[in-house]
Amino acid sequence: MKKLFLILLLNLISTLVVDANETKPLAWQKSQLPIKTELRASAVGQNTLWVAGDKSAVFISFDNGKNWQDISPKYDNNIDYNFRDIEVINNTTAIVMSVGSAEESTLQITHNQGKTWQILRTNKNSLGFYDSIDFWDENNGILLGDPVDGHFVVEVTQDQGQSWQRVPINKLPAMTNKEAAFAASGNTLITGAMGEAWFTTGGLSASIYYSPDFGQSWSKTNIPLESSTETSGGYALGINTQQQVFALGGNYLNREGHYNNLTTFKNSRWQAVNNGKHGLRTALSCAKHICVSTGKLSSDISMDNGKTWQVFANEGFYTLASDNAHILAAGSEGKVAVLTISNND
């Protein structure tokens, strides 16, 4: 009897260990904001999640996306800003970037998690159009805008956006015919370690611009993405936890097309990634070894830092952001979702 009892006890312990090690399949925790707007900007701060979009919408969550608070800027000018990028500077400070011709393009800043906002900068050039913003640290940042004087506008700041200086146009490569930057998801421009920066462009080509020196000089490389029309090419960039850079895109007039939509820099060259070619992709973000790429109609997931990919839940978004434990997604009609990455995943 004692022997039988020991056998049963060992079997029970074994079962409990197996159950404890089992992990639930990864799935989005979904939310619906009270305003049905197009959300094209996202950021993850210290214990905060941020999303922004059309109709001047900015929302913040303090509980990993379970609840969201409306912190949209409100001014006397009654302008509906179209926000396409957001940069969380520190636990209290964030900058949102709006797009549009001339003065519709702005930078707006909060120093108290959205309780109050002020317009930090307004684009005064009639040909100007902001595309993306990013920061290396709390003070040093970079801004990308549509071409003026035949070159993309690249501006840098060293004082948290209080002042900006345009990089001389002779420090940027010449543009190709019909070349354009797409302000799709706040990821057209990204920064990396030691002053690195990249931005991607499209049109009748797909290109990567690279700077090794805080945006002061640039080189340009063609990349293998869909580029058959003026609305195709590079839409966004992402970087995994191994500091490997990805570029992604497609054609927004053919969102479901079967074409190259993901490329990465590997073995000293840009090469296409075999991810199934499931249409337009406008954002990629990684937490630990897990990466997600997405477009309005569907998403892909990688469990090995972007080496191999599979379709993920047939759920699509415009924009992604992440820290080491969460991937935040935001999309059409106020749709928000969070993917929580555990140590067992």
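To be clear, the structure that these remarks concern was listed above.
Keep in mind that this is a model prediction, so the values were computed, not measured.

**Some thoughts on the sheet that holds strand β7 (residues 94–99)**
Link 1 in the chain: With antiparallel pairing, four strands are arranged side by side in an open sheet as β6-β7-β8-β9. Edge positions in the sheet fall to β6 (82–88) and β9 (118–122), since each has one partner strand and no second. Going from strand to strand, the sheet's axes swing by 25° on average, the running direction of each strand aside.
Link 2 in the chain: Relative to strand β8 (residues 106–110), β7 runs antiparallel, the two being bridged by five bridges. The partner of V96 across the bridge, within β8, is Q108.

**Remarks on the packing of aromatic side chains**
Link 1 in the chain: Tallied over the full model, the rule gives 12 aromatic pairs.
Link 2 in the chain: Taking the centre distance of 4.3 Å and the plane angle of 10° together, the rings of F199 and Y209 count as stacked. With F199 in strand β15 (residues 197–201) and Y209 in strand β16 (residues 207–211), the pair connects residues that are 10 residues apart, well separated along the chain.
Link 3 in the chain: A relative accessible area of 0% places F199 in the buried class.
Link 4 in the chain: Among the residues examined, Y209 registers a relative accessible area of 0% and is labelled buried.
Link 5 in the chain: When the centroid spacing of 5.5 Å and the interplanar angle of 55° are considered together, the rings of F265 and W270 count as tilted.
Link 6 in the chain: According to the relative accessible area criterion, W270 is buried, its value standing at 12%.
Link 7 in the chain: Among the aromatic residues, those joined into a ring-pair cluster are F152, F199, Y209 and W218.
Link 8 in the chain: Note that R40 overlies the ring of Y318, its terminal NZ or CZ placed 3.9 Å from the centroid.
Link 9 in the chain: A cation over an aromatic ring shows up here: K335 above the ring of F317, its NZ or CZ 5.0 Å from the ring centre.

**Digging into unusual backbone geometry**
Link 1 in the chain: A positive phi angle, close to 60°, is found at Q160, a residue other than glycine.
Link 2 in the chain: Locating Q160 in the fold gives a position in the loop between β12 (151–157) and β13 (165–166).
Link 3 in the chain: What makes Q160 buried here is its relative accessible area of 14%.
Link 4 in the chain: Phi is positive for N314, close to 50°, though the residue is something other than glycine.

**Side note on the state of the cysteines**
Link 1 in the chain: Summed over the entire model, instances satisfying the criterion amount to one disulfide.
Link 2 in the chain: Here C286 engages in a disulfide with C291; their sulfurs sit 2.1 Å apart. Across the S-S bond of C286 and C291 the torsion is about 105°, and the bridge reads as right-handed.
Link 3 in the chain: When its relative accessible area of 7% is taken as the criterion, C286 is described as buried.

**Description of the pairing of strand β28 (residues 335–340)**
Working note: regular strand, side chains alternate between the two faces of the sheet.
Link 1 in the chain: With five of six residues buried, β28 lies mostly within the body of the structure.
Link 2 in the chain: Judged from the four bridges that link them, strand β1 (residues 29–32) and β28 form a sheet pairing that is antiparallel. Looking across to β28, one finds that Q29 is bridged to V338.
Link 3 in the chain: Sheet topology note: the strand β27 (residues 326–330)/β28 ladder contains five bridges and is antiparallel. For I327, the partnering residue across the bridge sits in β28 and is L339.

**A look at the pattern of salt bridges**
Link 1 in the chain: Counted by the stated rule, this structure contains eight salt bridges.
Link 2 in the chain: Ionic pairing is found between E179 and K220, a salt bridge with its closest N-O pair at 2.9 Å. Placement of E179 in the loop between β13 and β14 (189–191) and of K220 in strand β17 (residues 219–222) is noted, with a sequence separation of 41 residues between them.
Link 3 in the chain: With a shortest N-O distance of 3.5 Å, E315 and K335 are connected by a salt bridge. Here the residue E315 occupies a position in the loop between β25 (310–311) and β26 (319–322), and K335 occupies one in strand β28, the gap between them amounting to 20 residues. By the burial criterion, E315 is buried, and K335 matches it.
Link 4 in the chain: Among the ionic contacts, a cluster of salt bridges with common partners joins K30, E315 and K335.

**Considering the layout of surface pockets**
Summary: where empty space remains is shown by rolling a probe the size of a single water molecule over the atoms.
Link 1 in the chain: Computed from the structure, the largest pocket encloses a volume of approximately 850 Å³.
Link 2 in the chain: When its residues are assigned to classes, the lining of the largest pocket shows 18 nonpolar, 12 polar and seven charged.
Link 3 in the chain: There is about 310 Å³ of room inside the second largest pocket.

**Describing the side chain of T263**
Link 1 in the chain: With respect to the secondary-structure elements, T263 resides in strand β20 (residues 262–266).
Link 2 in the chain: Within the structure, T263 has its side chain in polar contact with the backbone oxygen of Q271 (distance 2.8 Å).
Link 3 in the chain: The contacts of T263, once residues within four sequence positions are left out, are I223, P224, L225, V245, F246, A247, W270, Q271, A272 and V273.

**Focus: the sheet that holds β27**
Link 1 in the chain: If you walk across this open sheet you meet the four strands as β1-β28-β27-β26, and the pairing is antiparallel. Whereas interior strands pair on both sides, the edge strands pair on one side only; in this sheet they are β1 and β26. Going from strand to strand, the sheet's axes swing by 20° on average, the running direction of each strand aside.
Link 2 in the chain: One ladder, built from four bridges, connects β26 with β27; its direction is antiparallel. The partner of S322 across the bridge, within β27, is I327.

The rules behind the values
- Residues numbered from 1 in each chain as written.
- Predicted model: local features only at pLDDT ≥ 70, side-chain atom pairs only at ≥ 80, totals over all residues.
- Heavy atoms only, no water.
- Pairing = 2+ DSSP bridges.
- Helix = DSSP H or I, 4+ residues; strand = E, 2+ residues; numbered from the N terminus.
- Axes fitted to C-alpha atoms, helices over the stretch in contact; angles between N-to-C directions.
- Phe/Tyr/Trp six-rings, centres within 6.5 Å; stacked < 30°, edge-to-face > 60°.
- Buried < 20%, exposed > 50% of the residue type's maximum accessible area, 1.4 Å probe, protein only.
- Lys NZ or Arg CZ within 6 Å of the ring centre and 35° of its normal.
- Disulfide = S-S within 2.5 Å.
- Salt bridge = Lys/Arg side-chain N within 4 Å of Asp/Glu carboxyl O.
- 1 Å grid on protein atoms, 1.4 Å probe; cavity = no way out; pocket = protein on both sides within 12 Å on 5 of 7 lines; lining within 4 Å.
- Points joined across faces, edges and corners; volume = space filled by probe spheres on them.
- Nonpolar A, V, L, I, M, F, W, Y, C, P; charged D, E, K, R; others polar.
- Polar contact = N/O pair within 3.5 Å; in protein donor to acceptor, adjacent residues only side chain to side chain.
- Contact = heavy atoms within 4.5 Å.

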